[in-house]
Every structure is written in structure tokens, then in C-alpha cells.
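A closer look at the structure
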Amino acid sequence: MKNIVITGASRGIGYETAKYCSQLGHTVFAIARSADKLSKLDKESSGNIITIKADLTTAEGLTRVSNSLQHISRVDVLINNAGTLINKPFLETTNEEWQHHIDVNLLSVVKLIKTLYAKFEAGSHIVNIGSMGGFQGSVKFPGLSAYSTSKGALAILTEALSTEFAGAGIAVNCLCLGAVQTEMLNDAFPGYSAPVQPDEMAKFISEFGLNSHKYMNGKILPVALNNPE
Ligand SMILES: NC(=O)c1ccc[n+]([C@@H]2O[C@H](COP(=O)([O-])OP(=O)(O)OC[C@H]3O[C@@H](n4cnc5c(N)ncnc54)[C@H](OP(=O)(O)O)[C@@H]3O)[C@@H](O)[C@H]2O)c1
């Protein structure tokens, strides 16, 4: 059985991914800020989900993650799923909103990988959850400049780390998701109906994280039924 770390596990895709991986019998470290929602996740598991209340943009949050994983020697799969999105025209966005997107969608991933690096071994797999909005050449939605830019940077980080970590046998891939019916999507596009449910996407992400490092490294993959979705 594997040790799987999943960020953004309090709702949406991350919640369902943590639940599915635990149902497969793996040990899941589920990270988010909302203690109440993590507690619900914990109750739905059969004791193999360790919840960690942490804000990944803070040094305190990263220390809490590091302390919670102290007793394990290896992380098999890290799924960097936590994310944030606002839908606002570029000219109305503030510097703070841009900084927040960079902090959550990019720098928290950079810092978490550095924090956990000593736990990765040959065969470990880092999966970054990107977006079709951050996939080069995709049709872009107006209002998502900060979000799409931060996800585009996450995709390039994936390529960069895959070469740096290749010698150690650690694979890094990025899944650029299309629309999935979550609270994030509802908040950004009220009334829009996505073709995929979070539990369906969770299965794909889980299986990808557990198996695909044997066949690919440094890949930025569109996971969408059509473009721009
Ligand atoms: N839904 C879609 O259509 C779609 C499409 C493309 C890509 N994606 C990507 O897929 C991922 C999951 O999306 P989703 O729709 O499931 O989003 P969601 O429902 O908004 O969930 C986001 C998760 O990230 C966590 N999070 C946010 N800021 C955090 C922080 N500072 N520290 C720790 N955790 C934090 C949230 O938990 P707390 O608030 O409890 O911290 C929550 O669990 C995101 O990266 C998103 O960009 C989604």
C-alpha cells in the first residue's frame, strides 16, 4: 500500500480523490485549511486518512505538514490539487489578487515539493493539477487571466522539475483539467453545467498518480472532453 499526499482535500476534486485513494486501501495525507470539512472526510474513511489542517501559503502550514509526515519514510504520490480562482476582467484585478493566485497555485506547490523532497524516492510521482486555461494554445476564457497564468506557470514548473528529478527516478506530470462540477466552478461560472463530476475525475487522477509514472515523465496533459472545456 502507498503513502499518498493530497492537497486541497476539503472539498471538490481533492476530497473525492482522498476518499477514493483511501477506499483502495492506501494511506492518505489530506491537506486543507477547513478543519470541519476535513473531519467529515475523516469520518467517511476507514481510518487510513490522516487529515492535516494547514494553509500551504504559510511557513506554519508547511511545518505542520512536515511534522505530520515525520513518521513515514517515503511519499509515493503527491497530488498538488489545492487551488484558487477568481473570475474578473484583467483591468479590475488587484495586485493582491494576482499575488494570491501565484501564492496558492504556484508557490505553495514549489514550497511543498521542497518540504517533502527528502521523502521522495525512485518511483515516487508528483502530479500537479493544472487547468485547460493554463494549457498552451487552448481557448482562453475572459476573466481568468490570473488563474490561467498561474496554472500555465505550474505546467512549466512540471517540465522543469521532471528533468531535475529524473536522475533520482522521481516523475513529475501535470494534468490540465477541463470543467468539473465543483464549488470552484459554481462560484466562477454560476449556472454552468460541467460534463464531469468530481468523483469521476477523482478516479482518473488517483489511477494516474498510482500508475502513470511508469510510462511518462514531464508531461503536460489536457484532460478535457473538448476545447475550451
Ligand atoms: N473544477 C474545475 O472545473 C477545474 C478545472 C480545471 C482545473 N481545476 C483545478 O482542480 C483543482 C481542484 O479544483 P476544485 O474545483 O475541486 O476546487 P475547490 O472545490 O475550490 O477546492 C479547492 C481546494 O483547495 C484548498 N485550498 C485553497 N487554498 C488553500 C491553501 N492556501 N492551503 C491549503 N488548501 C487550500 C481548499 O480547501 P480550504 O479552503 O479548506 O483550504 C479546497 O479543498 C484546483 O487546482 C483547480 O484549479 C478545477
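See above for the structure.
Residues numbered from 1 in each chain as written. Predicted model: local features only at pLDDT ≥ 70, side-chain atom pairs only at ≥ 80, totals over all residues. Heavy atoms only, no water.

Helices and strands together make up the secondary structure of the chain, namely seven helices and seven strands. Listing each helix as α and each strand as β along the chain from the N terminus yields β-α-β-α-β-α-β-α-β-α-β-α-α-β. Here the chain has a C-alpha radius of gyration of 16 Å; the compact-globule value for 229 residues is 17 Å, and the two agree. Considering only C-alpha atoms, the chain reaches an extent of 45 × 40 × 35 Å along its principal axes. Expressed as a percentage of the 229 residues in the chain, the buried residues total 51%. Partitioning the contacts of the chain with sequence separation of at least 6, the portion at a separation of at least 24 is 69%. For the chain, the exposed surface amounts to about 10,500 Å²; the carbon and sulfur share of it is 54%. (Helix = DSSP H or I, 4+ residues; strand = E, 2+ residues; numbered from the N terminus. Rg over C-alpha atoms; globule rule 2.2 N^0.38 Å. Buried < 20%, exposed > 50% of the residue type's maximum accessible area, 1.4 Å probe, protein only. Contact = heavy atoms within 4.5 Å. Areas by Shrake-Rupley, 256 points an atom, 1.4 Å probe, with all protein chains shown as cover.)

What follows deals with the sheet that holds strand S7 (residues 220-223). If you trace the seven strands from one edge of the open sheet to the other, you get S3-S2-S1-S4-S5-S6-S7, paired in parallel fashion. A single partner strand is all that each edge strand has here, and the edge strands are strand S3 (49-53) and S7. Across the sheet, the mean angle separating the axes of adjacent strands is 20 degrees when strand polarity is ignored. Pairing analysis gives three bridges linking strand S1 (residues 3-7) to strand S4 (residues 77-80), with the strands arranged parallel. Its bridge partner lying in S4, Ile 4 is registered against Val 77. Strand contacts of helix H1 (residues 12-23): S1, strand S2 (27-32), S3, S4 and strand S6 (171-177), with the helix running at about 165 degrees to S1, the strand carrying the most contacts. (Pairing = 2+ DSSP bridges. Axes fitted to C-alpha atoms, helices over the stretch in contact; angles between N-to-C directions.)

Quick look at the site of the ligand now. Close to the ligand lie 29 residues; Arg 33, Ser 34, Asn 81, Tyr 147 and Thr 182 are nearest. For the ligand, whose free accessible area comes to 890 Å², the fraction covered by protein is 94%. Where the shell around the ligand is concerned, the elements lending two or more residues are H1, strand S5 (125-131), helix H5 (145-165) and helix H6 (183-188). Top contributing element to the shell around the ligand by residue count: S5, with three residues. In terms of residue class, the shell around the ligand is built from 14 nonpolar, eleven polar and four charged. (Near = heavy atom within 4 Å. Nonpolar A, V, L, I, M, F, W, Y, C, P; charged D, E, K, R; others polar.)

What follows deals with the packing of aromatic side chains. Each aromatic ring pair is specified by the distance between its two centres and by the angle formed by the two planes. For the structure shown, the criterion picks out five aromatic pairs. With a centroid separation of 6.0 Å and 85 degrees between ring planes, the pair formed by Phe 90 and Trp 98 is classed as edge-to-face. By relative accessible area, which is 51% here, Phe 90 ends up exposed. Residues Tyr 117 and Phe 120 carry aromatic rings whose centres are separated by 6.3 Å and whose planes lie at 75 degrees to one another, so their mutual orientation is edge-to-face. Overall, Phe 120 belongs to the buried group, its relative accessible area being 6%. (Phe/Tyr/Trp six-rings, centres within 6.5 Å; stacked < 30°, edge-to-face > 60°.)

Locating Asn 3 in the fold gives a position in strand S1. Using a relative accessible area of 16% as the deciding quantity, one classes Asn 3 as buried. For Asn 3, the contacting residues outside a window of four places in its chain are Thr 27, Phe 29, Ile 72, Arg 74, Val 75, Asp 76 and Val 77.

This brings us to the pattern of salt bridges. Tallying each qualifying case throughout the model produces eight salt bridges. Glu 183 is paired through a salt bridge with Arg 11; the nearest N and O atoms lie 3.0 Å apart. Of this pair, Glu 183 sits in helix H6 while Arg 11 is found in the loop between S1 and H1, placing the two residues 172 residues apart along the sequence. On the basis of relative accessibility, which here comes to 41%, the residue Glu 183 falls in the partly exposed class. Residue classification places Arg 11 among the partly exposed positions, given a relative accessible area of 32%. The shortest N-O distance in the salt bridge between Asp 76 and Arg 74 comes to 2.4 Å. The exposure class of Asp 76 is buried, given its relative accessible area of 8%. Judged by its relative accessible area of 19%, Arg 74 is buried. Within the structure, one salt-bridge network assembled from shared partners comprises Glu 16, Lys 19, Lys 40 and Glu 44. (Salt bridge = Lys/Arg side-chain N within 4 Å of Asp/Glu carboxyl O.)

Function cannot be read off these values alone, since they describe shape.
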